[in-house]
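# Coordinate analysis (summary)
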Amino acid sequence: MISVSNVSMRYGAKVLFEEVSTTFTPGRRYGLTGPNGAGKSTFMKILTGELEPQKGTVVRPRKLGVLRQDQFAFDSHRVIDTVIMGNQPLWAALEERDRIYANPEMTDQDGMRLGELEGTIGEEDGYTAESDAAVLLDGLDIPEPLHERKMGELQGGQKVRVLLAQALFGKPQALLLDEPTNYLDLDSIHWLQDFLTSYDGTLIAISHDRHFLNSVTTHTADIDYQTIITYAGGYDEMVLAKTQIRARLESEIAQREKKIAQLNEFIARFAAGTRSSQVTSRRKEVERLQTNELARSNIQRPYIRFDQTRPSGKHVLEFKHVTRYYGELEVIDGFSANVLRGEKICLMGRNGAGKTTLLKCLLTNYPGLAEKDFALDSGTVFWGHEAQIGYFPQDVGSTIEPGLSVADWLHQWKPDAHMEDIRGILGQMLFSGEEGAKLTQALSGGEQARLTFCKLILTKPNILILDEPTNHLDLEAINALNIALQRYEGTVLLVTHDHDLIDEVATRLWIFHDDAIQDFSGPYEEWKGKHS
Ligand SMILES: Nc1ncnc2c1ncn2[C@@H]1O[C@H](COP(=O)(O)OP(=O)(O)OP(=O)(O)O)[C@@H](O)[C@H]1O
Ligand SMILES: [Mg+2]
């Protein structure tokens with residue numbers, strides 16, 4: 001069991017939690033919900049002990065398995081090591097032992113320390129760590145040859161599996177997952193759902209994915225009004241319960257307002273008269289009734305609209321025989337296409353099929369955007385007249401350098417823009433007032449994505465290349481993006497696993513199969529009709 005008592009947390013003027021007390025019971029599977037920036041990741045860090053709350057206490061089991069929201073954090077480590085790091089005391093002991101052995105002049109003290117370390121390693125099953133980790137990885141469908149690779153070489157869906165293995169390593173009594181379905185394709189999400197429903201410890205999963213939450217969770221802990229309320233049932237049941245509670249509150253308020261009006265009328269009529277004590281007591285009552293106002297709803301909608309400074313030429317992009325290998329593996333096999341102005345192309349297909357790779361191949365020929373250390377192996381790419389690309393990369397967090405205010409970060413992309421315009425754009429993307437002064441390293445996952453949209457709104461490109469832009473976004477923001485992309489008059493290349501978005505935005509599809517890319521001119525509806 002995990003139990004939280006009287007926890008409070010705030011950043012500057014922003015209160016995230018006020019006196020929160022709640023418990024998480026074994027055998028139940030909790031969804032932790034709330035809009036972008038509500039404090040879900042922060043709360044999870046408080047649960048794991050990574051963050052100390054400003055007030056209150058947390059009691060937790062000895063072993064917790066954790067999947068963090070930043071799934072790129074282990075890119076420089078080997079896959080197998082990443083899994084073993086899931087057992088922190090063991091990993092620390094192994095590293096220290098290696099350091100001592102690497103030192104040619106070992107002292108007596110070093111020798112004693114080695115003895116202690118071997119003790120820890122034994123207790124934590126360190127001698128079978130590599131094979132235990134390999135068994136977990138195999139179970140999660142990460143084949144042997146990948147175990148020695150660096151995390152950075154894996155694609156998104158595989159990374160999540162490795163990070164799950166890390167969370168499960170050492171048999172934790174509770175599993176805490178921050179947005180585990182980001183970067184996963186539909187098949188992998190279904191696999192994860194089955195996997196989690198058979199987990200028998202305490203599960204807490206943060207997600208914006210309604211379908212996922214409904215199928216996995218038995219309870220929903222919702223962050224709202226700076227507190228956490230736990231409802232029985234999945235996401236939809238929570239929304240229903242909340243709506244009913246809200247309707248009741250609203251009718252109570254309507255009654256209260258009627259009462260206030262009556263009291264005020266009495267006060268107005270007799271204020272000058274002889275009944276002054278009754279007037280005073282009624283005034284007090286009005287005050288009491290008024291302080292009990294309905295808390296503001298936590299749901300806010302960003303407003304996204306992409307304009308172009310000027311349109312591109314009619315022929316936006318032409319590429320021939322684009323080919324790309326990773327080692328022996330051919331990921332893109334001689335794909336050719338022409339793209340015309342105004343086309344909205346969705347790239348769809350399984351994890352690892354090569355969608356991000358193709359985008360990077362196309363970008364290698366565009367000045368200023370080429371990814372470091374990236375080149376196509378053969379083929380040609382031409383961008384047309386006046387092509388101006390706005391790029392939303394998959395790992396959007398790494399493109400926002402730390403140490404700047406949100407407003408300064410945005411301003412650098414168009415230094416001659418007026419501060420009012422910068423503030424206007426920030427405001428429409430929900431960074432109003434003091435939020436614009438927030439430092440870039442403090443941003444939540446959804447806030448990083450929203451800030452990147454601010455950049456695209458400000459710089460007004462005529463081509464948008466978006467690689468899984470809806471990961472980390474809450475429902476309101478996904479909706480705003482959907483509408484903005486439909487209205488955009490430029491050209492769009494979009495990778496997404498979100499079927500609503502594909503349905504409503506795409507005019508053309510590039511469907512990645514195992515051996516080839518299918519180029520289909522027409523919306524998703526039509527493609528489904530032909531392939532079902
Ligand atoms: N060190 C910090 N200093 C100031 N503000 C912070 C800091 N860390 C987090 N915040 C702010 O606290 C709020 C909650 O952040 P958190 O990452 O917990 O949100 P979240 O609910 O996980 O959002 P998302 O759905 O986008 O991942 C955000 O507005 C964030 O900017
Ligand atoms: Mg978060």
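Note that this is a predicted model, so its numbers are computed, not measured.

It is worth spelling out the overall build of the protein at this point. On a plain count of helices and strands, the protein comes out with 17 helices and 18 strands. Along the longest, intermediate and shortest principal axes, the C-alpha atoms of the protein span 95 × 75 × 50 Å. Looking at the 532 residues of the protein, the share that counts as buried comes to 49%. Taking the contacts inside the protein whose residues are at least 6 apart along the sequence as the reference set, 67% of them involve residues at least 24 apart. Working note: accessible area of the protein is about 26,200 Å², and carbon and sulfur atoms make up 50% of it. Distance between charge centres in the protein, computed from 56 positive and 76 negative side chains, equals 10 Å.

Right, let's talk about the packing of helix α3 (residues 88-102) against helix α4 (residues 108-123) for a bit. Interhelical geometry of α3 versus α4 gives an angle of 150° and a closest axis separation of 9 Å. Between α3 and α4, the crossing angle belongs to the class labelled roughly antiparallel. Considering the relative orientation of α3 and α4, their crossing is left-handed. Listed contacts from α4 to P89, L90, A93, L94, E96, R97, I100 and Y101 of α3 are D110, R113, L114, L117, E118, T120 and I121.

On to the confidence of the model for the protein. In the predicted model, the protein carries a mean pLDDT of 90, and the fraction of residues at 70 or more is 97%. Averaged pLDDT values for the elements of the protein fall to 76 in helix α10 (residues 276-291) and rise to 97 in strand β16 (residues 491-495).

Residue placement: D185 occurs in the loop between β6 (174-178) and α7 (186-197). A distance of 2.5 Å separates a polar atom in the side chain of D185 from the backbone nitrogen of N351. Once residues lying within four places of it in the same chain are set aside, the contact partners of D185 are G349, R350, N351 and H497.

Near ligand 1 there are 20 residues, and of these T42, K438, S444, G446 and E447 occur at the shortest range. At 2.9 Å from an oxygen atom of ligand 1 is found a side-chain nitrogen or oxygen belonging to N36. Between ligand 1 and the protein, one listed contact pairs an oxygen atom with a side-chain N or O atom of E447 at 2.7 Å. When the free accessible area of ligand 1 is taken as 640 Å², the share hidden by the protein chains comes to 84%. Within the residue set of the shell around ligand 1, elements represented by two or more residues are β2 (14-24), α1 (40-48) and α14 (445-459).

Every second residue of strand β14 (residues 389-392) is oriented toward a common face, with I389 and Y391 on one face and G390 and F392 on the other, all of them buried. Where β14 meets strand β15 (residues 463-467), four bridges bridge the pair, whose relative direction is parallel. Across the sheet, residue G390 finds its bridge partner in β15, namely L464.

A contiguous patch of negative charge on the surface is contributed by E330, D333, D377, D514 and D515. Residue position: D333 is located in strand β11 (residues 329-340).

With that out of the way, let us pick up unusual backbone geometry. Positive phi values are uncommon outside glycine, yet E19 reaches one of about 50°. Within the secondary structure, E19 sits in strand β2. Taking the relative accessible area as the measure of exposure, E19 reaches 37% and is therefore partly exposed.

With that out of the way, let us pick up the sheet that holds strand β12 (residues 344-349). One open sheet accounts for six strands, arranged β14-β15-β16-β12-β17-β18; its pairing is mixed. Edge strands, defined here as strands with exactly one partner in the open sheet, are β14 and β18 (517-521). Put simply, the sheet's adjacent strands are angled 15° from each other on average, direction ignored. Each of β14 and β15 is contacted by α14, which is oriented at about 180° to β14, the strand it contacts most. Sheet strands in contact with helix α17 (residues 524-531) are β12, β17 (508-512) and β18, and its direction is about 115° off that of β18.

Right, let's get into the coordination of the magnesium ion (ligand 2). On the protein side, the magnesium ion (ligand 2) has S41 (OG) and Q69 (OE1) as donor atoms, found 2.0 to 2.2 Å from it. Here the residue S41 occupies a position in helix α1, and Q69 occupies one in the loop between β5 (64-67) and α2 (79-84), the gap between them amounting to 28 residues. Each member of the pair, S41 together with Q69, is buried.

Another point: the packing of helix α6 (residues 156-168) against α7. Closest axis-to-axis distance for the α6/α7 pair is 13 Å, and the angle between their directions is 15°. Relative to α7, the element α6 lies roughly parallel. As α6 runs across α7, the sense of the crossing is right-handed. Residues R161, L164 and L168 of α6 touch α7, and the partners they reach there are S188, W191, L192 and F195. Across the contact of α6 with α7, the residue classes break down as five nonpolar, one polar and one charged.

With that settled, the discussion passes to the domain arrangement of the protein. What the domain assignment lists for the protein is domain 1 (2-236), domain 2 (238-291) and domain 3 (315-531). At the interface, nine residues of domain 1 touch seven residues of domain 2. Contact between domain 1 and domain 2 buries roughly 640 Å² in total, counting both sides, with carbon and sulfur atoms accounting for 55%. When the buried area of domain 1 at its contact with domain 2 is split by residue, Y231, Y235 and D236 rank highest and sum to 62% of it. If you look at where domain 1 meets domain 2, you find two salt bridges. The residue D222 makes a salt bridge to K242 at a minimum N-O spacing of 2.7 Å. Summed over the shared surface of domain 1 and domain 2, the number is eight residue pairs in polar contact (both at pLDDT 80 or more). At the level of elements, β8 (219-224) and α9 (235-270) are the ones that each hand at least two residues to the side of domain 1 that touches domain 2. Take the side of domain 1 that touches domain 2: its biggest share by element is three residues, from β8.

Rules used throughout
- Residues numbered from 1 in each chain as written.
- Chains lettered and ligands numbered in written order.
- Predicted model: local features only at pLDDT ≥ 70, side-chain atom pairs only at ≥ 80, totals over all residues.
- Heavy atoms only, no water.
- Helix = DSSP H or I, 4+ residues; strand = E, 2+ residues; numbered from the N terminus.
- Buried < 20%, exposed > 50% of the residue type's maximum accessible area, 1.4 Å probe, protein only.
- Contact = heavy atoms within 4.5 Å.
- Areas by Shrake-Rupley, 256 points an atom, 1.4 Å probe, with all protein chains shown as cover.
- Lys, Arg positive; Asp, Glu negative; His and termini not counted.
- Charge placed at Lys NZ, Arg CZ, Asp CG, Glu CD.
- Axes fitted to C-alpha atoms, helices over the stretch in contact; angles between N-to-C directions.
- Parallel < 35°, antiparallel > 145°, perpendicular 65-115°, else oblique.
- Left-handed = near helix turned anticlockwise from the far one by under 90°.
- pLDDT = per-residue confidence, 0-100.
- Polar contact = N/O pair within 3.5 Å; in protein donor to acceptor, adjacent residues only side chain to side chain.
- Near = heavy atom within 4 Å.
- Pairing = 2+ DSSP bridges.
- Patch = residues over 30% accessible without salt bridge, like charges linked within 9 Å, V, L, I, M, F, W, Y side chains within 5 Å.
- Salt bridge = Lys/Arg side-chain N within 4 Å of Asp/Glu carboxyl O.
- Donors = N, O, S within 2.8 Å, 3.2 Å for Na, K, Ca; no water.
- Nonpolar A, V, L, I, M, F, W, Y, C, P; charged D, E, K, R; others polar.
- Domains from an automatic or database assignment.
- Buried area = accessible area lost by both parts, 1.4 Å probe.

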